[in-house]
Amino acid sequence: MVRKIAVMTGGGDAPGLNAVIRGVVKTAETYGWEVIGIKDGGEGLLHEDFVKLGSDEVHGIASIGGTILGTTNRGNPFSYPIERDGHVELVDRSGEAVDNLKKAGVDCLVAIGGDGGMNIAHRLSQLGLNVVGVPKTIDNDLMATDQTFGFDTAIQTATEALDRLTTTAEAHHRVMVVEVMGRDAGWIALHSGIAGQANAILIPEIPFGFGKIAEYVNERYAHGKSYSLVVVSEGARPLDGEPVYQEWNPAAGVRRLGGIGPKVGDEIVRKTGLETRVTVLGHVQRGGSPTSFDRVLATRYGVEAVHAIADGKFDHLVALRGTAIVPVPIAEAIRQLKHVDPEGELVCAARDLGICFGDVVSVPWPRQDEKARA
Ligand code: F6P
């Protein structure tokens, strides 16, 4: 019998988190359940930083970016960083997290998170806590769901930036390199690149050659094109090299990517001599008001998460499959990330448009081989 549920946002934020929270709270009220919010993800879980949430607290928040609860990517209770003798040690505090929720009378936790967050949710379930997950990430790289909320807003923001950069690139006859987010998967670069009419798109799934990109840019100029727009995922890597990292953050348990855009820009200048400018879009893609698509998707996730609790679908997350929101076991959902298929329809469509992925230079791409074979 459920009487009280908790909701928590963990990991990097994504536009739509507040719409999920609102959906959870308003739907829980229809069941007569109490809702508490956990402040700052795992930190609030361990420090019992809980707030009561009702209709008043969630009034009008679906249009607001960020999360009213706060979040962090440092609060993994299974691997919590503490400082001992001047260095950071990771300790397991998961038992405390479960006890804190039990003490607060929580019957089920709604955990809104990405792959890391869903891993934690599954492990908490294994400790006997009732958990329902909601998939979040602007990267859209969770296999369980056709789309995570936050992705649509991120590609909208990136596309708008590309449109703006195109006009100034054209005016100055420059090469514009734009680094977008996408740690393990190139969905943001691919979608915004196609929408923003980029000439080259570099993604983690297709290792690229600096020489190929330079050659392609040179060819464009040789064919009278006065500018080039190159979109680079932060996780893209050269054929003979590694992705570029800014720092290793042991507290978050991740290496922070960043810097491949400037590296691509430098190599283009070195190899072509063309005037080049680099823009790193960064967290602009995570901020701001969610698109109406993300508001609706996030709201549906929040509402369906509560229905999943009522149906006893614990250790499940709610996922978009086609047009329906369905419960999927979290264990199944976290098995693998959703990568761009290098041979898939979207990449092929982009190649048909003449977009270069840094692996081959000229277009039409494989059809040349087909012609040669004929
Ligand atoms: O996973 C979402 C994401 O936006 C990635 O694209 C990016 O690498 C990461 O989060 C950045 O995280 P942080 O907020 O810690 O810089």
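Being a predicted model, the structure only gives us computed values, none of them experimental.

1. Focus on the site of the ligand
Next up, step 1: For the ligand, the full set of nearby residues is N73, I138, D139, M181, G182, R183, E234, R256, H283 and R286.
Next up, step 2: With respect to the ligand, the side chain of R286 contributes an N or O atom lying 2.8 Å from an oxygen atom.
Next up, step 3: Protein burial of the ligand: of its 400 Å² of free accessible surface, 81% is covered by the chains.
Next up, step 4: Grouping the constituent residues of the shell around the ligand by class yields 2 nonpolar, 3 polar and 5 charged.
Next up, step 5: Shared between two domains, the shell around the ligand takes at least three residues from each, and those domains are domain 1 (4–149 + 290–333) and domain 2 (152–286 + 341–373).

2. Let's talk about the pairing of strand β10 (residues 228–233)
Next up, step 1: In terms of burial, β10 is a largely internal element, 6 of the 6 residues being buried.
Next up, step 2: Burial along β10 is two-sided: the face carrying S228, V230 and V232 and the face carrying L229, V231 and S233 are both buried.
Next up, step 3: Bridging between strand β8 (residues 175–180) and β10 involves 6 bridges; their strand directions are parallel. When the sheet's bridge partners are listed, V180 is paired in β10 with S233.
Next up, step 4: Pairing geometry for strand β9 (residues 200–202) and β10, over 3 bridges, is parallel. Its bridge partner being in β10, I201 is matched across the sheet by V231.
Next up, step 5: On the question of chirality, the crossover connecting β9 to the parallel β10 by way of helix α8 (residues 210–222) is right-handed.

3. A closer look at the nonpolar core
Next up, step 1: Ranked by internal contacts, the top residues of the largest apolar core, which has 65 residues, are I5 and F149.
Next up, step 2: A per-element tally of this core places helix α6 (residues 151–172) first, with 8 residues.
Next up, step 3: In this structure, M8, A97, A144 and I330 belong to the second largest nonpolar core, which totals 27 residues.

4. Observations regarding the packing of helix α7 (residues 187–195) against helix α12 (residues 345–352)
Next up, step 1: Taken N-terminus to C-terminus, the directions of α7 and α12 make an angle of 35 degrees; their axes are 11 Å apart at the nearest point. Here α7 runs over α12; the crossing is left-handed. Taken together, the residues of α12 that come into contact with α7 (itself represented by L190, H191 and I194) are L346, V347 and A350.
Next up, step 2: Of the residues contributing to the contact of α7 with α12, the split by class is 5 nonpolar, 1 polar and no charged.

5. Some details on the domain arrangement of the protein
Next up, step 1: Structurally, the protein comprises domain 1 (4–149 + 290–333) and domain 2 (152–286 + 341–373).
Next up, step 2: Just the C-alpha atoms count here: the centres of domain 1 and domain 2 sit 33 Å apart.
Next up, step 3: In this assembly, 17 residues from domain 1 lie in contact with 16 residues from domain 2.
Next up, step 4: Taking both partners together, domain 1 and domain 2 bury about 1400 Å²; carbon and sulfur atoms supply 53% of that area.
Next up, step 5: When the area that domain 1 buries against domain 2 is broken down by residue, the three leading residues are I138, D139 and T291, summing to 36%.

6. Here's the deal with empty space enclosed by the protein
Next up, step 1: For the structure on display, the rule yields 1 cavity of 30 Å³ or more.
Next up, step 2: If you add up the space inside the largest cavity, you get close to 30 Å³.
Next up, step 3: M118, P135, L142, A144, T145, L317, A333 and I334 together form the lining of the largest cavity.
Next up, step 4: Among the residues making up the lining of the largest cavity, the classes are represented as 7 nonpolar, 1 polar and no charged.

7. Thoughts on α6
One full turn of an α-helix is made of 3.6 residues, so residues set three or four places apart face in the same direction.
Next up, step 1: Its 22 residues give α6 an end-to-end C-alpha distance of 31 Å, which sits within 8% of 32 Å, the value for a rise of 1.5 Å per residue.
Next up, step 2: All of the buried residues along α6 are F151, D152, T153, A154, I155, A158, T159, A161, L162, L165, T166 and A169.
Next up, step 3: Contact partners of the buried residues in α6: β8, α7, β10, β13 (276–280) and α10 (292–310).
Next up, step 4: H173 lies just past α6 and shows a positive phi near 55 degrees.

8. Considerations on the packing of helix α1 (residues 17–31) against α10
Next up, step 1: Following both chains from N to C, one finds α1 and α10 inclined at 35 degrees, their axes separated by 7 Å at the closest point. Considering how the two elements wind past one another, α1 and α10 form a crossing that is right-handed. In this structure, α1 contributes A19, V20, G23, V24, T27, A28 and Y31 to the contact, and α10 contributes R295, A298, T299, G302, V303, V306, H307 and A310.
Next up, step 2: Class assignment for the residues of the contact of α1 with α10 results in 9 nonpolar, 5 polar and 1 charged.

Cut-offs used in this document
- Residues numbered from 1 in each chain as written.
- Predicted model: local features only at pLDDT ≥ 70, side-chain atom pairs only at ≥ 80, totals over all residues.
- Heavy atoms only, no water.
- Near = heavy atom within 4 Å.
- Polar contact = N/O pair within 3.5 Å; in protein donor to acceptor, adjacent residues only side chain to side chain.
- Areas by Shrake-Rupley, 256 points an atom, 1.4 Å probe, with all protein chains shown as cover.
- Nonpolar A, V, L, I, M, F, W, Y, C, P; charged D, E, K, R; others polar.
- Domains from an automatic or database assignment.
- Buried < 20%, exposed > 50% of the residue type's maximum accessible area, 1.4 Å probe, protein only.
- Helix = DSSP H or I, 4+ residues; strand = E, 2+ residues; numbered from the N terminus.
- Pairing = 2+ DSSP bridges.
- Right-handed = clockwise from strand over helix to strand, strands pointing away.
- Core = buried A, V, L, I, M, F, W, Y, C linked by side-chain atoms within 4.5 Å.
- Axes fitted to C-alpha atoms, helices over the stretch in contact; angles between N-to-C directions.
- Left-handed = near helix turned anticlockwise from the far one by under 90°.
- Contact = heavy atoms within 4.5 Å.
- Buried area = accessible area lost by both parts, 1.4 Å probe.
- 1 Å grid on protein atoms, 1.4 Å probe; cavity = no way out; pocket = protein on both sides within 12 Å on 5 of 7 lines; lining within 4 Å.
- Points joined across faces, edges and corners; volume = space filled by probe spheres on them.
- Expected span 1.5 Å × (residues − 1).

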